[in-house]
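In case you want the letters, here they are:
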Amino acid sequence: MNRLLGEERMIASDVPGTTRDSIAVDLTRDGRDYRLIDTAGLRRRAKVEEAVEKFSAFKTLQAIETCQVAVVMLDAGEGVTEQDATVLGLVLNAGRALVVAVNKWDGQDKYTRDQAMSMLERKLSFCEWAERITISAKHGTGMRELFKAIHRAHASATHQFSTAETTKALSIAIESFPPPVVRGHAAKMKFAHPGGANPPTFIVHGNRLKSLSESYRRYLENFFRKRFKLVGTPIKFVFKEGENPYEGKKNVLTERQVKAKRRLMKHVKGK
């Protein structure tokens, strides 16, 4: 934050827990306005005892829920800690756009960098769509790349889709890889339409959609992500079953149908 602002506005320290409250600062950079919120870290609930720390945790959760893009900063020398994983999980649960910033990159040797990247690939496989940017807050390197990643994530998360392009994408996805047959039937997806932004939400209508496996749902997510070039944002699908017009209705036979049924039963018994 101090590097971006060009002044020592925030108290910086290597001691964990220095930041106790969420601090919001406005910034204008390259003709664009931003509101940066520096949040306090989060610890396991068992260790959160002080009232001040509970309030700090609440403000951090509030900032995650209301932000447009969350930048989770990791220490290149430490990798992905338990606290980092907790924050990443909260960002995903909130459906926020995400950029992972790996700090203190300049001070690491080649071996440490390779180890850090290997750990990121392994531990962040659940959000591989999030861009990882290496930075140095101390020296200011990587800041331009960080903002470019933020812009890409924001553009993807807030993109407005049309029903036509969404349904076309769904049709191509089904044609390329049809849903598997389950108990003699396959799910039938008829059309799709956008259901909101940040995160991009797609509502799919059809029949027997409950039979879609998790792997096929991930396939749809990856297909849409690739087709629309979405980066830095989670994608949400909502599957809605078509209403059965005969559900709950009793099939009442007419007098003619009853007589025909009796004749058929009499004929079958006679044989």
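Residues numbered from 1 in each chain as written. Predicted model: local features only at pLDDT ≥ 70, side-chain atom pairs only at ≥ 80, totals over all residues. Heavy atoms only, no water.

Caption draft 1: Spatial organisation of unusual backbone geometry. Here Asn198 and Pro199 are connected by a cis peptide whose omega angle stands at 10°. Within the secondary structure layout, Pro199 lies in the loop between strand S8 (188–196) and strand S9 (201–207). Positive phi, normally seen in glycine, also occurs at Lys104, with a value near 60°. Look at Lys104 and you get partly exposed, because its relative accessible area is 40%. In this structure, Arg208 takes a positive phi of about 55° despite not being glycine. Tracing the chain through its elements places Arg208 in the loop between S9 and helix H7 (214–227). (Helix = DSSP H or I, 4+ residues; strand = E, 2+ residues; numbered from the N terminus. Buried < 20%, exposed > 50% of the residue type's maximum accessible area, 1.4 Å probe, protein only.)

Caption draft 2: Main features of the packing of aromatic side chains. Applying the stated criterion across every chain, the model contains 14 aromatic pairs. Seen in terms of ring centroids, Phe202 and Phe228 are 6.3 Å apart; in terms of plane orientation they differ by 15°. Their pairing is stacked. Residue Phe202 is located in strand S9, and its partner Phe228 is located in the loop between H7 and strand S10 (236–241); the two are separated by 26 residues in the primary sequence. We classify Phe228 as buried; its relative accessible area is 18%. Measuring from centroid to centroid gives 5.1 Å for Phe224 and Phe237, while their planes differ by 85°, and the two rings are edge-to-face. Linking Phe224 in helix H7 with Phe237 in strand S10, this pair joins segments that are 13 residues apart in sequence. Given a relative accessible area of 0%, Phe224 falls into the buried group. You can call Phe237 buried: its relative accessible area is 16%. By the ring-pair criterion, three or more aromatic residues cluster together here, those being Phe161, Phe177, Phe202, Tyr216, Tyr219, Phe223, Phe224, Phe228, Phe237 and Phe239. A cation sits over an aromatic face here: Arg29 above Phe147, 4.4 Å from the ring centre. (Phe/Tyr/Trp six-rings, centres within 6.5 Å; stacked < 30°, edge-to-face > 60°. Lys NZ or Arg CZ within 6 Å of the ring centre and 35° of its normal.)

Caption draft 3: Quick peek at the environment of Lys123. Here Lys123 lies in helix H4 (residues 110–123). Given a relative accessible area of 38%, Lys123 falls into the partly exposed group. Along the sequence, Lys123 and Thr81 sit 42 residues apart, while their C-alpha atoms lie 9.8 Å from each other.

Caption draft 4: The sheet that holds S8, seen in detail. If you trace the three strands from one edge of the open sheet to the other, you get S8-S9-S10, paired in mixed fashion. Two strands lie at the open edges of the sheet, namely S8 and S10, each paired on one side alone. Across this sheet, the average inter-strand angle for adjacent strands is 25°, counted without regard to direction. When S8 meets S9, the two strands line up antiparallel, connected through seven bridges. Note on S9: the bridge partner recorded for Gly196 is Thr201. Those strands touched by helix H6 (residues 163–176) are S8 and S9, and its axis lies near 140° from that of S8. (Pairing = 2+ DSSP bridges. Axes fitted to C-alpha atoms, helices over the stretch in contact; angles between N-to-C directions. Contact = heavy atoms within 4.5 Å.)

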